[in-house]
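Secondary and tertiary structure notes
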Amino acid sequence: MMIEHRGRRPVVPESAYVAPSAVLCGAVRLGERVRVLHGAVLSAEDGEVTVGSDVVIMENALVRGREKHPAIVGDAVLIGPHAHVNGAVIEDEVFVATGAGLFPGAVAGTGSELRINSVLHVNSRLEPGTVVPIGWIAAGNPARLFPPDEHEELWKVQQTLDFTGTVYGVPPGTGMRAIMAGQVAFYGAHADDRTITS
C-alpha cells in the first residue's frame, strides 16, 4: 500500500519489489533492487526514509523517519522480521536481526551486526564491524555493550543520552499525560493521508 502523507509520496524504482501487504507512507525513497516483504512498514512521519540498493526489509519490520532524525539505510543491508528502525542511520553492509531496535539519532557503522532482540540506544554510535550479541544493549558514543542484567551500569550511560528530548521533544521527568497529548496530536496528521491508487 502506498500512502501520501504530509503531501509527500513514496518513490519506488522498477527494480524494487514491495509486497502487497507492506506499507510505504510519505517521503520514502527506495534504491535499486530493494525488497520490502509482507507486513513491513516504512513511514516518513515528518522526516524522510531513504533506503540504498540491494536491501531486504523483512516481514513486519518498521522503518520510521523523523524530522530531526531521518531514517537512512545504506547498501547491502538486511533488516530482519519485527526489527524497529526509528530515526536511525544504518551504514552499508549491516545485519539487523529479528526484533532488533535502533532508536533516534543512532548510527550503526559499516559492517556491524545487531543480533536478535538487541538494541542500539538513542544518540549512540556503533563502530564499524561491531557485533551486538543477542539481547544486549549498545549505548553511548562510541557505544559500549551491555548485557541485559547490567541495568545500573547501562543507566549511567543511558541517562546522558536524552531519550525523552530526542524521542518526544520534552525534558526528562515529563509525565505520560503530557507526552501522550503531544504524540496524539503529532500522529493525528495521518487523518489527512491519501492512499495512492495508481
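Residues numbered from 1 in each chain as written. Predicted model: local features only at pLDDT ≥ 70, side-chain atom pairs only at ≥ 80, totals over all residues. Heavy atoms only, no water.

1. Describing unusual backbone geometry
With an omega of 5°, the peptide bond running from Asn141 to Pro142 counts as cis. Structurally, Pro142 can be placed in the loop between strand S21 (137–139) and strand S22 (144–146). Of note in this structure, His82 is not a glycine but carries a positive phi near 65°. With respect to the secondary-structure elements, His82 resides in the loop between strand S11 (78–79) and strand S12 (84–86). With a phi close to 60°, Asp162 is a non-glycine residue in the positive phi region. Counting through the fold element by element, Asp162 comes out in the loop between helix H1 (151–158) and helix H2 (163–168). (Helix = DSSP H or I, 4+ residues; strand = E, 2+ residues; numbered from the N terminus.)

2. Thoughts on the pairing of strand S9 (residues 62–65)
Strand residues, when the strand is regular, have side chains that alternate between the two faces of the sheet. Of the two faces of S9, the one holding Leu62 and Arg64 and the one holding Val63 and Gly65 are both buried throughout. Taken together, the 4 bridges between strand S6 (residues 41–44) and S9 define a ladder with parallel strand orientation. Bridging from a neighbouring strand, Ser43 pairs with Arg64 of S9. The pairing of S9 with S12 spans 3 bridges and is parallel. Across the sheet, Arg64 pairs through a bridge with Asn86, a residue of S12. (Buried < 20%, exposed > 50% of the residue type's maximum accessible area, 1.4 Å probe, protein only. Pairing = 2+ DSSP bridges.)

3. Some points on the sheet that holds strand S14 (residues 95–96)
Strand order in the open sheet formed by 7 strands is S2-S5-S8-S11-S14-S17-S20, and the pairing between neighbours is parallel. Edge positions in the open sheet fall to strand S2 (17–18) and strand S20 (131–132), since each of these has one partner strand only. The pairing of S11 with S14 spans 2 bridges and is classified as parallel. Looking at the pairing, Leu78 lines up with Phe95 of S14.

4. Some details on the nonpolar core
Within the largest apolar cluster, 37 residues are counted, with the highest numbers of intra-cluster contacts made by Leu42, Ile57, Ile79 and Leu114. For this core, the secondary-structure elements that each account for two or more residues are S6, strand S7 (49–51) and strand S10 (71–73). The residues touching Ile57, leaving out its near neighbours within four places in the chain, are Arg35, Val36, Leu37, Ala40, Leu42, Val51, Val63 and Ile79. In terms of nonpolar packing, the next biggest core, distinct from the first, is built from 8 residues, Phe146, Leu154, Val157 and Val167 among them. (Core = buried A, V, L, I, M, F, W, Y, C linked by side-chain atoms within 4.5 Å. Contact = heavy atoms within 4.5 Å.)

5. Looking at the pairing of S6
Looking at chain direction, strand S3 (residues 23–25) and S6 are connected through 3 bridges and run parallel. By the bridge assignment, Leu24 is partnered in S6 with Leu42.

Geometric descriptors of this kind do not, in isolation, establish any biological role.
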